[in-house]
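Fold and contact review
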Amino acid sequence: MQLSNEEEDYNLSLSKFESMLKTNKVLFFDSEEFEEIILHYLDMGKAALAKKALKLALEQHPKSTGLKLVQVEMLVYDDKLELAEKLLNELYAIEPNNEEIYIQKANICSKRDQHEKAVELLKIALKYTDDFADVYNLIGMEYLFMDNLEMAKESFIKCLEEDLEDQSALYNVVYCFEFLDQNQEAISYLKKYIDKNPYSEIAWHQLGRLHYGVKEYENAIRAFDYATLIDDEFLGAFMEKAKAYERLKKYEEAIESYSRTIELDDATSYALLRMGKCYERLGNKALALKYFNQTVHEDPLLDKGWIAITDFYVRQKNFQKALFFVNKALAIDNQNRLYWKRFATINKQMNFFEEAEFGYRKAVEFGDYSLDTWLFWVDILQFLGEFESAIQTLLQASEYFPEENEVEYRLAGLYFMLADNTKAKFHLSNALRLNFDNYILLEDLFPVVWTKKMVQNYIAKHKKQ
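Residues numbered from 1 in each chain as written. Predicted model: local features only at pLDDT ≥ 70, side-chain atom pairs only at ≥ 80, totals over all residues. Heavy atoms only, no water.

**Topic: the UniProt feature "repeat: TPR" (unreviewed entry) in the protein**
UniProt annotation of "repeat: TPR" (unreviewed entry) refers to residues 133-166, 201-234, 235-268 and 269-302 when read in the numbering used here. For the annotated span residues 235-268, helix accounts for 79% and strand for 0% of the residues, and the straight-line distance between the end C-alpha atoms is 11 Å. In this annotation, residues 269-302 is assigned 79% helix and 0% strand; the end-to-end C-alpha distance for the span is 8 Å. (UniProt positions renumbered as here; feature names shortened; annotations may be inferred. Helix = DSSP H or I, 4+ residues; strand = E, 2+ residues; numbered from the N terminus.)

Below you can see the structure in the form of structure tokens.
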């Protein structure tokens, strides 16, 4: 690829400057060359070299406003705001119409969290600048700092009207639309933008993301297709397209897109995991397991990979292997309620009731308050003969489910087991009131209680009412 004359000159300037540093010979550079050299080192994070270049530059061009503005930028970068402000005031006295002075003053205000004042200064800069896009972009960023997303959005739109190719402004304007929950408006905006700039793969990709967000998966795929046509190595677009195909249950097409991401870059555990899920849904168990195993090989700390293998073996009713893999997931994240519930369910299937009880207890401890979790836990406590613990657990559950007949029937049964007939009748009365026909639960869960004449009479009496 041939370099432009400007790029060649720029590279020559850099080479010349670096050879000067090595030989200690003082060579002459014009002020613009110095500016480019200094900004290059700043962009590369080489602050010491930037400062050395600035010192030499000011020795050769002590009156250059451009270099002094670069000096201001470096002072701001080093948080020497008072010195930067003093130098800016001196420059303002000489060149009051220089937009860069207002931009740097705004930068200082921004550093001091004076964002409204920064916007005022940037609006003055607009009067003197030729680069409207850059100033509108800076104004947009200040509005973002103030959490004024509507004004930020307007500024980024103005920036794009000046410079269609400004990718950061394009990302920011979409961010504002999304934050404001204006997805349909964002879609309309991007369509108009694409009319003006049809070869922007970023715009097509963002359009696809927005369609995906509002569940318009066919439209999302169409947009991602355009993004990948423009840039056939656009990894993100292939990944998003695969996810959209999954939503449409087009698993073969999803696998094809995930495979493309692996061709373009090193395999990611996410892509491997999703490919495994797709193969499982296509009924290809061997390939599903192959990709799940590759997932955990690629990223042994990805708990979702171990859980995918766990669920695979649960569906095969191979609980021994499922238990091994759910323990792997818990070793990575032992505060995940969904993992503990799986651990409990698998142990229950294997008749390891004490381990199952522990799993349900941990699931609730980490925030699983669903009714079935409480009931599974209580039924195991009852099976283990821990009636008092079962009652305490049910009373805790009743705070979340105050009018739940399944909780009341179990409380009634447990109190009858403990011969606390007063409390037992109270809860049985509640249960029968909430759902009379479900009294069969007593027969299923508490056969000893069911045979009691007192219980039969109580149910019969309630039925007559």
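Next comes the rest of the account.
**Topic: the environment of Lys304**
Tracing the sequence through the fold places Lys304 in helix α18 (residues 303-315). Taking the C-alpha atoms as reference points, Lys304 and Tyr339, 35 residues apart in sequence, are found 9.7 Å from one another. Excluding residues within four positions of it along the chain, Lys304 makes contact with Leu273 and Tyr339. (Contact = heavy atoms within 4.5 Å.)

**Considerations on the packing of helix α20 (residues 337-349) against helix α21 (residues 353-365)**
For the pair α20 and α21, interaxial distance at closest approach is 7 Å and the crossing angle is 160°. Classed by the angle they form, the pair α20 and α21 counts as roughly antiparallel. As for the relative orientation of α20 and α21, their crossing is left-handed in sense. Here Arg337, Trp340, Lys341, Phe343, Ala344, Thr345, Asn347 and Lys348 of α20 lie close against α21, whose contacting residues are Phe353, Glu355, Ala356, Phe358, Gly359, Tyr360, Lys362 and Ala363. Grouping the amino acids of the contact of α20 with α21 by side-chain chemistry returns eight nonpolar, three polar and five charged. (Axes fitted to C-alpha atoms, helices over the stretch in contact; angles between N-to-C directions. Parallel < 35°, antiparallel > 145°, perpendicular 65-115°, else oblique. Left-handed = near helix turned anticlockwise from the far one by under 90°. Nonpolar A, V, L, I, M, F, W, Y, C, P; charged D, E, K, R; others polar.)

**Structural notes on unusual backbone geometry**
With the exception of glycine, the majority of residues adopt a negative phi angle, and the majority of peptide bonds are in the trans configuration. Even without being a glycine, Asp147 presents a positive backbone phi close to 60°. Positionally, Asp147 belongs in the loop between α8 (132-145) and α9 (149-162). Within the chain, Lys215 stands out as a residue other than glycine whose phi angle is a positive 65°. Tracing the chain through its elements places Lys215 in the loop between α12 (201-213) and α13 (217-230).

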